[in-house]
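Letter by letter, the chains look like this.
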Amino acid sequence: MTKEKAELLQGTLDMLILNALILEPMHGFGLAIRLRQMSREVFQVEMGSLYPALCRLEGRGWIEAKWGTSENNRKARFYSLTASGREQLGVESARWQVLSSTINAMLRAT
Amino acid sequence: MSVLRRFAFRLSAFFRREQIEDDLSEELRLHVELQTESNIQAGMKHEEARRQALMDLGGLDQVKERYRDERRLRWLEDAGSDLRHSLRGLMRERAFTATVLTIFALCVAANVAIFSVVNAILLKPLPFPGAKGIYTVYDSYPKAGFDGGISVPHYLERSREVSAFAESAAYRTVWFAAGKRGTIQGIEAMATSAGFFNLFRSEPALGRTFTETETVAGSPHVVVISDSLWRTRFLGDPAVLGKVLILDDNPYTVIGVMPASFHFPTVHPVAWVPLVFTKPEQTDLYRHAASLAGMAVRLRPGVTAAQARLQLDGLNERTLKQDPYAKLVVEGAGYHPVIDGLHPTMVARIRPVLILLQSGAFFLLLIGAVNLANLLMVRAVGRAREYSVRRALGAGSGRLGRSIVLETLLLAIAGGVVGVALGLTALRFSFHFFSDRLPFEMSVQPDGRVCAVSLAGAILSGLALSAPVAWQTLKENLSISLSSESRTGTITRSVQTVRQALIVAQITLAFILLSGTGLLSLSLYKLLSVNPGFRPEHVLTGMVDLPVSRYPDAKRLALALQISERIQTLPAVSCAGISTNLPFTWNAGGAAISFKNRKPKPEEAAEPHPVISVAGNVFGALGVPLIQGRLLGDSDVGVPQKVCVVDTKFAQRFWPKGDALGAEITPDSGPNPEYYKIVGVVGAVRQTDLADDKEFGTMYVPYAGEKNVMIALRTLDDPVSLGVALAKIVKEADPDLELHDVSLMENRVGKSLSGRWVAVSLGGVFAGLALILASIGIYGVLAYTVTQRRREIGVRMALGAQPHQILRMILSFGARLLAIGLPLGVLGTLFLGKSMGSFLYGVRPSSLGVFLSVASLLSLAATAACVIPAKRAAKVSPSEALRAI
């Protein structure tokens, strides 16, 4: 696996996580389910990447983690979007728009 | 910003590691539980549901590890674990660690101690503002062997007419009897011109310094005192200004106190009085009477020393035209004025010794470093398997290299700290050797910068030393050392070559250090057996100053003769007498001698001959033999026909046929001199330096009431016990007289060699260490080679090689290293020995004897170092070597 590819995937996962958290704070498992639904089961988020990604986003200050109680009364760590995370999501999705439309255009051209 | 933020995030994790681990486990546990539940709902069995959940996650530990990668400061933790690992390793290998630390600490200590002195004396600027711009001007007479000092006419002309000199000041040393009757104390003082203190930009702590008008003859006596005199004599009285200090019975008004930090040119002067020139002193006749100790000048800003020198030479050309002695001093003595930096001039005498010692210490450091590199490399080979395993388990080159560097650095820092502490301790103990020959306050104190430089040096050498070790380790082929099931690892040919080169370097360096020390020791040995021309054993000496003003000439004469007579009657004294200059007290300087009825050649007329006044039986007391004629006696004092005695050197110089007796000579260069008739010839005496055989011959005249009197007495038994009786006789002659500087003649002679003793003993220590280090190095490499070649040796023996053949094989390996190292050492010594010229006496730098003895000493040590591993090799049992190893 080349580096660029990994980068792209990683960046994409980060963006998808930020996007999933835009409505409400969620715990890790919930997030996994949501990502799966959002991708309409087309691709499966690898759970092994999810938690390191959460850690990374937390480190950058885009999300916050807090211990809380889940719907069926279990102790769970809830992640929520921060102000700078919201901003970052804007930047990322804009960039993604540009990238994907460019790629689409290129694909059509050939 | 975000980089900082991420760093802080990770750093905080470093300190809350357990909390984070717990959180992560909890989070993942929940994930797995929820996933399992959802799988069960989807119809799986419990066991299967959980397994699927875990698989989905990709393994608990794997996720955790990836999470940790995101969360933590990997390198910090790695450094921590490397550090712990290194420390554990070093603690385990105590012998190795102790050896390395000792070598490192000793080498650093030697350099710290010597470099502290070098830094304080040679490198630090003199403690005056703008000290770089201060120069000294003096007259040099190289052919007459006389340097330094300046005459009054020259000083006045030069300060007036050389425009490059912004300021100038002259000074001469004077001795005073300070205080009133009953509290008299001899002090060293300095007579200085008015601009003296300003030239050094030194302000008095109290009061003021001299004005120009106070340096005119006949003006009221004033004195500036030192901090120490102020504290001792005036008990630090803040109202000391205006009080009176009695110097040689004259009242001097105290006008200022200099701060304790002011010292020039030594710590000894404790008072300063205005320098007053007499009328005759300023005439052409006194052009070459170097009555001033020195002239200090400050150059105008922007003027270089070369420009000042040009102006000085130009002035000199002009003044030589009106100089009555021009032809004599230029042709006969090579007279010329000199301008030189004040600092280099002041340290000129001690500089070569310091440079010699520093080079010795530096050589030791080099040898130590080479030795350490070797030891570390040998050790790294022993650990090759450990490194291979670590590598196989995934440690990268960077990580391995880092741990090697870290380990060497640890050793270097520890060794450096111990070495600096050791060096400072050594400095404190050896300090008094340097302190009394320091031209300055220059207290050689622990200097922060020296310590910092030394520690930085230690760390840098640690880094440098780790380079070959890391290179060797990383170069190693992983598969070979892992797969060769029995051996403890192998090293490549290039590594072996580097190590042998290091050994050769060590032998070379040790050879140079050893032969340098050998040359110095041989010089000292030859000097110790030099005959000084007198017998210093059983001779006690002391000094008495007779203040000029209190006693008229006749009274001083009578007083001195009385003392001289009384000491001769002391029991247990065989001979005693007084003299104005005993050997090895201070340099008497000298006067040009004129002859009645004989015109001297120019080169003869400019030679300085010491003229010494004697009374009593000084020659007997010193053990100077009478060669011809008779000695001077008390009956020669005060008679119209003046008589004198000369030494053999003088007699042979001017009367090679041996007919000196009856000739008439005089040290007086005035127009109507009184001539002294030579009545006897005595043996020549070395006056100040055992190594100096360039002295021109001495003239002895009857004592005529000079101010400084030195006493010498030869005793039948222990002379030390007579010190009290001697002091009593002096006190009885006059209660105000004080006997001082009482010392055995042997000690005075010995002291003149103390610099050489220090050089030889330090050199001996350095050379001894070098020898040990070189032996350790050779032993280390050979011992390792033998271990390496066990299998080969086993094969050889199985094929019929005899033990003595194996022994010879190993020994010849050592011999080969010696055969390269020794000639290189000889070359190095020949190259560096030239710079040692001034220290050598009676030996040449290319002394074959020294080379041969050093070569055999080194060979002996090297052979001893080879024998143990060679014997071990010869004992290798073939079957065992082939089977197991």
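Bear in mind the structure is a predicted one, so any value in this text is a computation, not a measurement.

### Thoughts on the interface of chain B and chain A
On the chain A side, the residues contacting the 21 residues of chain B number 25 residues. For the pairing of chain B and chain A, the buried interface totals around 2,300 Å² over both sides, and the portion due to carbon and sulfur atoms is 57%. Interface area lost by chain B to chain A is led by B:Glu27, B:His31 and B:Glu70, which between them contribute 24%. In this structure, B:Glu33 and A:Arg74 form a salt bridge, with 2.8 Å as the shortest nitrogen-oxygen distance. Linking chain B to chain A there are four residue pairs in polar contact (both at pLDDT 80 or more). For the side of chain B that touches chain A, the secondary-structure elements that each account for two or more residues are α1 (2-15), α2 (17-41), α3 (46-57) and α4 (60-71) of chain B. Among the elements that make up the side of chain B that touches chain A, the one with the highest residue count is α2(B) (11 residues).

### Quick look at the pattern of salt bridges
Residue and element names in this part refer to chain B. Under the defined criterion, the tally for this structure stands at 28 salt bridges over all chains. A salt bridge links Glu33 to Arg29; the nearest nitrogen and oxygen atoms lie 2.5 Å apart. Separated by four residues within a single helix, Glu33 and Arg29 lie in helix α2, roughly one turn from each other. On the accessibility criterion, Glu33 (25% relative accessible area) is partly exposed.

### Comments concerning helix α4 (residues 83-109) of chain A
In this model α4(A) runs 39 Å from its N-terminal to its C-terminal C-alpha over 27 residues, within 8% of the 39 Å that 1.5 Å per residue would give. Residues of α4(A) that are buried: A:Gly85, A:Gln88, A:Leu89 and A:Glu92.

### A few points about the confidence of the model for chain A
Low-pLDDT stretches of the model should not have their predicted coordinates read in fine detail. Of the residues in chain A, 84% reach a pLDDT of 70 or more, and the chain-wide mean stands at 78. Note on residues 1-8 of chain A: pLDDT under 50 across the span, and three contacts to partners over four residues away in sequence or across chains.

### Focus: the packing of aromatic side chains
Residue and element names in this part refer to chain B. For the coordinates displayed, the defined rule picks out 26 aromatic pairs over all chains. Between Phe176 and Tyr252, the aromatic rings sit 6.0 Å apart at their centres with planes inclined by 55°, giving tilted as the arrangement. Placement of the pair is Phe176 in strand β3 (residues 165-178) and Tyr252 in strand β8 (residues 250-257), with a sequence separation of 76 residues. Note on Phe176: relative accessible area 11%, which makes it buried. When its relative accessible area of 9% is taken as the criterion, Tyr252 is described as buried. Aromatic rings pair up to connect Phe128, Tyr171, Phe196, Phe197, Phe200, Phe210, Phe262, Phe264 and Trp272 into one cluster. The lysine or arginine in question, Arg653, covers the ring of Phe654, its NZ or CZ lying 5.8 Å from the ring centre.

### Let's talk about the environment of B:Ile187
Residues and elements named next belong to chain B. Here Ile187 shows up in strand β4 (residues 185-192). By relative accessible area, which is 4% here, Ile187 ends up buried. Placed 82 residues apart in sequence, Ile187 and Pro269 show a C-alpha to C-alpha distance of 7.5 Å. Beyond its immediate chain neighbours, meaning those up to four positions away, Ile187 contacts Val174, Trp175, Phe176, Ala178, Leu247, Val270 and Ala271.

### Side note on the packing of helix α2 (residues 28-38) of chain A against helix α3 (residues 47-59) of chain A
Residue and element names in this part refer to chain A. Running from amino to carboxyl end, α2 crosses α3 at an angle of 120°, the nearest separation of the two axes being 11 Å. On the basis of their axis angle, the class for α2 and α3 is oblique. Note that α2 runs across α3; the crossing there is right-handed. Mapping the contact onto sequence places Gly28, Phe29, Leu31, Ala32, Leu35 and Arg36 in α2 and Met47, Leu50, Tyr51 and Leu54 in α3. In the contact of α2 with α3, the residues fall into eight nonpolar, one polar and one charged.

### Comments concerning unusual backbone geometry
Residue and element names in this part refer to chain B. Phi at His538 is positive, roughly 60°, even though this residue is not glycine. Structurally, the position occupied by His538 is in the loop between α18 (493-528) and β12 (539-545). One non-glycine residue, Ala572, lies in positive phi territory at about 70°. Along the chain, Ala572 falls in the loop between α19 (553-568) and β13 (573-579).

### Some remarks on the side chain of B:Ser86
All names here are of chain B. By the secondary structure assignment, Ser86 is in helix α5 (residues 74-92). A relative accessible area of 1% means that Ser86 is categorised as buried. Among residues more than four places away in sequence, those in contact with Ser86 are Ser403, Leu406, Glu407 and Leu410.

### Examining the nonpolar core
All names here are of chain B. Ranked by size, the top nonpolar core spans 127 residues in total, and within it Ile507, Phe534, Leu622, Tyr700, Ile778 and Leu858 carry the most contacts. Excluding residues within four positions of it along the chain, Tyr700 makes contact with Ile612, Val614, Phe619, Leu632, Cys644, Val645, Val682, Val685 and Gln687. Formed by 39 residues, the second largest nonpolar core is a distinct cluster that contains Tyr135, Val137, Phe234 and Ala305.

### A word on the environment of A:Ile33
Residues and elements named next belong to chain A. Relative to the helices and strands, Ile33 resides in helix α2. The exposure class assigned to Ile33 is partly exposed, which follows from its relative accessible area of 27%. Distance from Ile33 to Ala105, taken between C-alpha atoms, is 33 Å for residues 72 residues apart in sequence.

### Side note on the side chain of B:Gln506
Residues and elements named next belong to chain B. Topologically, Gln506 is positioned in helix α18. Residue classification places Gln506 among the buried positions, given a relative accessible area of 0%. Side-chain polar atoms of Gln506 contact the backbone oxygen of Ile367, separated by 3.5 Å. When near neighbours in sequence (up to four residues on either side) are disregarded, Gln506 contacts Ile367, Val370, Asn371, Leu773, Ala774 and Gly777.

### Side note on the pairing of strand β10 (residues 294-299) of chain B
All names here are of chain B. Taken across its six residues, β10 has six buried, putting it largely inside the fold. Neither face of β10 is left uncovered, since the one carrying Gly294, Ala296 and Arg298 and the one carrying Met295, Val297 and Leu299 both have all their residues buried. Inspection of the sheet shows β3 paired to β10 by six bridges, in the antiparallel sense. Along β10, the bridge assignment pairs Tyr171 with Gly294.

### A few points about the state of the cysteines
Taken as a whole, this structure holds zero disulfides over all chains when the rule is applied. Here B:Cys451 is not cross-linked by a disulfide; its sulfur's nearest cysteine counterpart is in B:Cys107, at 17 Å.

### A closer look at the sheet that holds strand β1 (residues 26-27) of chain A
Residue and element names in this part refer to chain A. Taken in spatial order, the three strands of this open sheet run β1-β3-β2, and their pairing is antiparallel. The two strands at the open ends of the sheet, each matched to only one other strand, are β1 and β2 (63-69). Where β1 lies against strand β3 (residues 75-81), two bridges are found, and the strand directions are antiparallel. From the neighbouring strand, Met26 faces β3, where its bridge partner is Tyr79. Across the sheet, α3 lies against β2 and β3, angled at about 120° from β2, the strand it touches most.

### Remarks on a nonpolar patch on the surface
Residue and element names in this part refer to chain B. A contiguous nonpolar surface patch, about 410 Å² in accessible area, is contributed by Ile413, Val417, Ile459, Leu460 and Leu463. Mapped by element, the contributors of at least two residues to the nonpolar patch are α15 (397-435) and α16 (448-475). On the secondary structure map, Ile413 appears in helix α15.

Here is what the cut-offs are and how they apply
- Residues numbered from 1 in each chain as written.
- Chains lettered and ligands numbered in written order.
- Predicted model: local features only at pLDDT ≥ 70, side-chain atom pairs only at ≥ 80, totals over all residues.
- Heavy atoms only, no water.
- Contact = heavy atoms within 4.5 Å.
- Buried area = accessible area lost by both parts, 1.4 Å probe.
- Salt bridge = Lys/Arg side-chain N within 4 Å of Asp/Glu carboxyl O.
- Polar contact = N/O pair within 3.5 Å; in protein donor to acceptor, adjacent residues only side chain to side chain.
- Helix = DSSP H or I, 4+ residues; strand = E, 2+ residues; numbered from the N terminus.
- Buried < 20%, exposed > 50% of the residue type's maximum accessible area, 1.4 Å probe, protein only.
- Expected span 1.5 Å × (residues − 1).
- pLDDT = per-residue confidence, 0-100.
- Phe/Tyr/Trp six-rings, centres within 6.5 Å; stacked < 30°, edge-to-face > 60°.
- Lys NZ or Arg CZ within 6 Å of the ring centre and 35° of its normal.
- Axes fitted to C-alpha atoms, helices over the stretch in contact; angles between N-to-C directions.
- Parallel < 35°, antiparallel > 145°, perpendicular 65-115°, else oblique.
- Left-handed = near helix turned anticlockwise from the far one by under 90°.
- Nonpolar A, V, L, I, M, F, W, Y, C, P; charged D, E, K, R; others polar.
- Core = buried A, V, L, I, M, F, W, Y, C linked by side-chain atoms within 4.5 Å.
- Pairing = 2+ DSSP bridges.
- Disulfide = S-S within 2.5 Å.
- Patch = residues over 30% accessible without salt bridge, like charges linked within 9 Å, V, L, I, M, F, W, Y side chains within 5 Å.
- Areas by Shrake-Rupley, 256 points an atom, 1.4 Å probe, with all protein chains shown as cover.

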